[in-house]
Amino acid sequence: MEKINILIVDDRPENIVALEALLQRTDINLISTTNPNEALRLSWEMDIAIALVDVQMPEMDGFELVEILKSNPRTKDILIIFVTAISKETKYAVKGLNTGAVDYLYKPLDPFVTSAKVDSFIQFIRNQRELKRKNKELEAYQKELIKAKEQAEQGKRIKENFLANMSHEIRTPINGIIGIAHLLERSGLNAEQKEMVDLLEISSNSLLGVINDILDLSKIEAGKFKINRSETDIINMCNAVVNLLRIRAREKKLELITHFDPNLPNHVMADSLRLNQILMNLIGNAIKFTSRGSITLKVEILTRKGNNVRIKFSVIDTGIGIANENIDKIFETFEQADEQTTVKFGGTGLGLSIVKNLAKLKGGLLEVTSEEGIGSTFCFTNWYEVVKEVPVPEKIVKEILTPFNNLRVLVAEDNPINKFLIVKILKDWMIDADVVENGKDALDKLRENDYDIILMDTFMPVMNGLDAIKLIRGGHVPGKENVPVITFSAAVMENDKKTAIEAGANDVISKPFELEVLHQKLSKYTTY
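All values derive from a computational prediction rather than experimental measurement. (Residues numbered from 1 in each chain as written. Predicted model: local features only at pLDDT ≥ 70, side-chain atom pairs only at ≥ 80, totals over all residues. Heavy atoms only, no water.)

A. Seen up close, the side chain of Asp-10. Relative to the assigned elements, Asp-10 resides in the loop between β1 (4-9) and α1 (13-23). A polar contact of 2.9 Å, which involves the side chain of Asp-10, links it to the backbone nitrogen of Arg-12. Engagement of the side chain of Asp-10 in a polar contact is seen with the side chain of Asn-15, the distance being 3.4 Å. The residues contacting Asp-10, other than those within four sequence positions of it, are Asn-15, Ile-16, Thr-33, Thr-34, Asp-54, Met-57 and Lys-107. (Helix = DSSP H or I, 4+ residues; strand = E, 2+ residues; numbered from the N terminus. Polar contact = N/O pair within 3.5 Å; in protein donor to acceptor, adjacent residues only side chain to side chain. Contact = heavy atoms within 4.5 Å.)

Structural data, given as structure tokens:
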């Protein structure tokens, strides 16, 4: 225990001896002097907590000594107890308390009262110092928290920037590949060529799926992932997923089976996109890790409560199975059951991590049972609201993309494949297009010519698209401040789209883009 320093100041040595005898104990240090000037020096040099000061002393009385102590920042917090033999009149007590004292002891001293008062002040000092120590710890902890928060925010920014750059760098060439595949499909191919183009498109979409998985995971971790429920035909949706994956199952000579509870409602309120994503991942995984036998999708009602049903989706396979010690590991990001699994079957290890997070977001339960060498069963269970009546959807007629009349477009795109693709599409739509490779050239071209609309890539050398848009909106090219601008962006984070709009873009088209989307937006911003 830390010892408390107590200073005794009295001009009579016998009084000091009496007080020391009365107060002597192991948890305090008693320091004494008969000289007030010496008392000032001791108070300055030592960590004095309590001072017992005689009032009547030659040269300097106790009131004067205490006034000096209280005026100095280094000694102002010492607790002063006056020890006096003068009258107990109120005026003296008031004078002492106004000077800075906290209490009085009157001579002759009562040993019990003296000990009790000093004990209470010693305990007060200990509590005060403990509070100061805790406050210092709290301040240090707050500084660590602020530092950790700043580091976390910096890490988040770095991660978002990396994802945006990665998305742009990969999605941009994918956009070119998918776009050219679409153009090839319309160029009159023979059966063999069409099959190769189809394979090219499947491979491109597969790679795009991996990128989207990474971005979805990032959105889930950031808490920016939203569940959007609408009327969903569970059986049709399940059949669509199975039919999509049936080719992969046939290639491995696997039987893909569906079992639907006959009491399943026709429609429920569900986020069909995310439920589709869960089932695609679970069935796709089952196909990947099954060499012979079958994969079964079983959908059944477990319980009913009012207008709600609890539905269980089970994906049962006869694949390699999972060892008990690896079951938790398979749901971790970028993890698979073991290294040999990655070597033999490939994959990113993202699918089940996304399924787990989606299940949690949807308020559902994801369970797995498995036996090594026998197979695995993955089950997703959730409550759904039954939809009594669903309006019959109107038959969607695919819109014919009609040519434009007298439309002049400025295209700013640095990627040669995407440049070729966009120009080819615009030419097919009878659009007159000028092409530049960066934002600076776009400004120069805009100064020279009049355009109905600008298609601007976001990331370009020399000057990027967003900086160019800001300059256009700021009047850098007089008279052209209000020309509509649509940005092409391979970055699909919500912040990137928001940043483009804030820079002055009228709209954003994500790469790879659908022809119908581009046509619709061109029509929207050029029809007056």
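The discussion continues.
B. Inspection of a nonpolar patch on the surface at higher detail. On the surface, a cluster of nonpolar side chains totalling about 310 Å² of accessible area is made up of Leu-138, Tyr-141 and Leu-145. Looking at the element boundaries, Leu-145 is found in helix α5 (residues 111-185). We classify Leu-145 as partly exposed; its relative accessible area is 46%. (Patch = residues over 30% accessible without salt bridge, like charges linked within 9 Å, V, L, I, M, F, W, Y side chains within 5 Å. Areas by Shrake-Rupley, 256 points an atom, 1.4 Å probe, with all protein chains shown as cover. Salt bridge = Lys/Arg side-chain N within 4 Å of Asp/Glu carboxyl O. Buried < 20%, exposed > 50% of the residue type's maximum accessible area, 1.4 Å probe, protein only.)

C. Structural detail: α1. When α1 is considered as a whole, its buried residues turn out to be Ile-16, Leu-19 and Leu-23. What you see down the axis of α1 is that its buried residues fit within an arc of 65°, all on one side. When the buried face of α1 is taken as reference, the exposed residues oriented beyond 90 degrees from it are Val-17 and Ala-21. (Arc of directions from axis to C-beta.)

D. Molecular detail of the packing of helix α3 (residues 62-71) against helix α4 (residues 90-99). Viewed as axis vectors pointing N to C, α3 and α4 meet at an angle of 25°, and their least axial separation amounts to 9 Å. It follows that α3 is roughly parallel to α4 by the angle criterion. On α4, the residues touching Phe-63, Val-66, Glu-67 and Lys-70 of α3 are Tyr-92, Lys-95, Gly-96 and Thr-99. Considering only residue class, the contact of α3 with α4 consists of 3 nonpolar, 2 polar and 3 charged. (Axes fitted to C-alpha atoms, helices over the stretch in contact; angles between N-to-C directions. Parallel < 35°, antiparallel > 145°, perpendicular 65-115°, else oblique. Nonpolar A, V, L, I, M, F, W, Y, C, P; charged D, E, K, R; others polar.)

E. Local environment of the packing of helix α7 (residues 234-251) against helix α8 (residues 272-288). Taken N-terminus to C-terminus, the directions of α7 and α8 make an angle of 35°; their axes are 10 Å apart at the nearest point. The interaxial crossing formed by α7 with α8 has right-handed handedness. Side by side, α7 and α8 meet where Ile-234, Met-237, Cys-238, Val-241, Val-242, Leu-244, Leu-245, Arg-248 and Ala-249 of the first sit next to Ser-272, Leu-275, Asn-276, Leu-279, Met-280, Ile-283, Gly-284 and Ile-287 of the second. (Left-handed = near helix turned anticlockwise from the far one by under 90°.)

F. Just the packing of aromatic side chains, in detail. This model, assessed by the stated rule, comprises 6 aromatic pairs. The interplanar angle of 75° and the centroid separation of 5.2 Å between the aromatic rings of Phe-63 and Phe-82 together place this pair among those described as edge-to-face. Taken together, the residues Phe-63 in helix α3 and Phe-82 in strand β4 (residues 79-84) connect sequence positions 19 residues apart. Ring geometry for Phe-82 against Tyr-104: centres 5.6 Å apart, planes inclined by 40°, an arrangement best described as tilted. Of the two residues, Phe-82 sits in strand β4 while Tyr-104 sits in strand β5 (residues 101-106), which places them 22 residues apart along the sequence. Note that Arg-74 overlies the ring of Trp-44, its terminal NZ or CZ placed 4.4 Å from the centroid. (Phe/Tyr/Trp six-rings, centres within 6.5 Å; stacked < 30°, edge-to-face > 60°. Lys NZ or Arg CZ within 6 Å of the ring centre and 35° of its normal.)

G. Spotlight on the nonpolar core. Grouped together as the largest cluster of nonpolar side chains are 40 residues, with contacts concentrated most on Ile-283, Phe-313 and Tyr-384. Looking at this core, the elements that each hand over two or more residues are α7, β8 (268-270), α8, β9 (294-305), β10 (308-317), α10 (351-361), β11 (365-371) and β12 (375-386). Leaving out residues up to four positions away in the same chain, Phe-313 has contacts with Ile-234, Cys-238, Leu-275, Leu-279, Lys-298, Val-299, Phe-378, Cys-379, Phe-380 and Tyr-384. (Core = buried A, V, L, I, M, F, W, Y, C linked by side-chain atoms within 4.5 Å.)

H. Summary view of the pattern of salt bridges. Counted according to the given criterion, the structure contains 24 salt bridges. For the salt bridge of Asp-47 with Arg-129, the shortest nitrogen-to-oxygen distance reads 3.1 Å. Of this pair, Asp-47 sits in the loop between α2 (36-45) and β3 (48-54) while Arg-129 sits in helix α5, and the two are 82 residues apart along the sequence. Its relative accessible area of 45% is what places Asp-47 among the partly exposed residues.

I. View of unusual backbone geometry. Cis geometry marks the peptide bond from Lys-107 to Pro-108; its omega dihedral reads -5°. With respect to the secondary-structure elements, Pro-108 resides in the loop between β5 and α5. Here the phi dihedral of Lys-253 falls at roughly 60°; this positive angle occurs in a residue that is not glycine. By secondary structure assignment, the location of Lys-253 is in the loop between α7 and β7 (255-260). By relative accessible area, which is 75% here, Lys-253 ends up exposed. The phi torsion at Met-430 lies on the positive side, around 65°, for a residue other than glycine.

J. Seen up close, the confidence of the model for the protein. When pLDDT is averaged along the protein, the result is 83; 85% of the residues meet or exceed 70. Every residue in residues 333-349 is under pLDDT 50, and counting partners more than four places away or in other chains gives 34 contacts. (pLDDT = per-residue confidence, 0-100.)

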